[in-house]
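If you want the building blocks of each chain, they are given just below.
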Amino acid sequence: TIPIHFHPFDHSLSTAVSDKVGVLESYIDRYYLEDASSEDLEEGALKGMVAALGDKYSGYFTEEEYESVLSGITGSYIGIGVTVTKDENGDIRAYAVTEGSSADKAGVKDDIIQSVDGKSVKGMELTEMTALVKGEDGTKVTLGILRGEKNVQIEVVRNKIKNVSITNQILEGEIGYIKIADFDDESPKQFKTAIDKLDQ
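To keep things clear, this report deals only with the structure shown in the data block. (Residues numbered from 1 in each chain as written. Predicted model: local features only at pLDDT ≥ 70, side-chain atom pairs only at ≥ 80, totals over all residues. Heavy atoms only, no water.)

### Observations regarding unusual backbone geometry
At D117, a position not held by glycine, the phi torsion is positive, near 50 degrees. Tracing the sequence through the fold places D117 in the loop between strand 4 (112-116) and strand 5 (119-120). One non-glycine residue, E174, lies in positive phi territory at about 55 degrees. For E174, the location among the structural elements is in the loop between strand 9 (166-171) and strand 10 (175-180). (Helix = DSSP H or I, 4+ residues; strand = E, 2+ residues; numbered from the N terminus.)

Okay, structure coming up:
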């Protein structure tokens, strides 16, 4: 474990922020047309606090999002087989589709993902979006995607996806090349398999 030491905020700042939060809550309660739960507002405030750091490697996760992150390092997960990233415009894009996965079979390509089951993902963190996509094995999820100028709805079945984090090939001059896309529980085994294959 890594010890993390927090320095308390200046009292006058925390009081000012608390006052502003109270004003915002009253405005939302009075004028917002939809229902807004205290839990959602609190989670949003915590996410905003960490986002204010401006560090793409720092983020606040809800319990569900954290479980989703942990599932990504176990070597397998229930999903559709799409790796996503944020492009220069802040849009969520499918930049890698696992060969043979349900997303591959459904025709997902290098597309901008705009919604998951009708819920817009614009402005979401990647962990929030992927938490929406993951679910129970055999269930369906509908992706609203933008392909060029065309809006398309694609229905994809969730199933067990095994991460292939390491690939290999022989380059010119009998050079063995191993690519490590990410690290998970299966990486050491896959790396050894790659080495053995290249040795042969």
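### Regarding the pairing of strand 4
Remember that side chains alternate between the two faces of the sheet whenever the strand is regular. Most of strand 4 sits out of view: 4 of its 5 residues are buried. Looking at chain direction, strand 3 (residues 92-97) and strand 4 are connected through 2 bridges and run antiparallel. Bridge pairing links I92 to I113 in strand 4. Inspection of the sheet shows strand 4 paired to strand 5 by 2 bridges, in the antiparallel sense. By the bridge assignment for strand 5, S115 is matched with S120. Hairpin remark: strand 4 followed by strand 5, antiparallel, with 2 residues in the connecting loop; positive phi at D117, about 50 degrees. (Buried < 20%, exposed > 50% of the residue type's maximum accessible area, 1.4 Å probe, protein only. Pairing = 2+ DSSP bridges.)

### Some remarks on the pattern of salt bridges
Any two side chains of opposite charge can pair if their charged atoms end up close together. For the coordinates displayed, the defined rule picks out 5 salt bridges. Close ionic contact of D110 with R93 constitutes a salt bridge, the shortest N to O distance being 3.4 Å. You can see D110 sitting in the loop between helix 4 (102-106) and strand 4 and its partner R93 sitting in strand 3, a full 17 residues away along the chain. Assessed through its relative accessible area of 22%, R93 is described here as partly exposed. (Salt bridge = Lys/Arg side-chain N within 4 Å of Asp/Glu carboxyl O.)

### With respect to the environment of T85
Among the structural elements, T85 can be located in strand 2 (residues 82-86). The class for T85 is partly exposed, based on a relative accessible area of 28%. Residues T85 and A96 lie 11 residues apart in sequence; the distance between their C-alpha atoms is 9.1 Å. Contacts of T85, omitting those with residues within four sequence positions, involve D91, I92, R93, Y95 and L126. (Contact = heavy atoms within 4.5 Å.)

### Concerning the pairing of strand 9
Where strand 9 and strand 10 come together, 6 bridges link them in antiparallel fashion. In the strand pairing of strand 10, L171 is matched with I175. Linking strand 9 to strand 10, which pair antiparallel, is a turn of 3 residues; within it G173 sits at a positive phi near 85 degrees.

### Observations regarding a negative patch on the surface
On the surface, a cluster of negative charge is contributed by E25, D29, E39, D40, E42, E63, E64 and E67. Structurally, D29 can be placed in helix 1 (residues 11-31). (Patch = residues over 30% accessible without salt bridge, like charges linked within 9 Å, V, L, I, M, F, W, Y side chains within 5 Å. Areas by Shrake-Rupley, 256 points an atom, 1.4 Å probe, with all protein chains shown as cover. Lys, Arg positive; Asp, Glu negative; His and termini not counted. Charge placed at Lys NZ, Arg CZ, Asp CG, Glu CD.)

### Side note on the packing of aromatic side chains
Taken as a whole and judged by the stated rule, the model has 1 aromatic pair. Measuring from centroid to centroid gives 5.6 Å for Y27 and Y31, while their planes differ by 45 degrees, and the two rings are tilted. On the criterion of helical spacing, the pair formed by Y27 and Y31 is a turn pair, its members being 4 residues apart in helix 1. Assessed through its relative accessible area of 52%, Y31 is described here as exposed. (Phe/Tyr/Trp six-rings, centres within 6.5 Å; stacked < 30°, edge-to-face > 60°.)

### A short note on the side chain of S115
Along the polypeptide, S115 turns up in strand 4. Not counting residues within four places of it along the chain, the set of residues in contact with S115 comprises S120, V121, T142, L143 and G144.

### Quick word on the layout of surface pockets
Roughly 1,800 Å³ of volume is contained in the largest pocket. What lines the largest pocket is a set of 49 residues, among which T83, V84, Y95, L126 and T130 lie closest to the centre. Elements supplying a minimum of two residues to the lining of the largest pocket: helix 2 (38-51), helix 3 (63-71), strand 1 (76-79), strand 2, strand 3, helix 5 (126-133), strand 8 (159-162) and strand 9. Split into classes, the residues belonging to the lining of the largest pocket amount to 24 nonpolar, 16 polar and 9 charged. (1 Å grid on protein atoms, 1.4 Å probe; cavity = no way out; pocket = protein on both sides within 12 Å on 5 of 7 lines; lining within 4 Å. Points joined across faces, edges and corners; volume = space filled by probe spheres on them. Nonpolar A, V, L, I, M, F, W, Y, C, P; charged D, E, K, R; others polar.)

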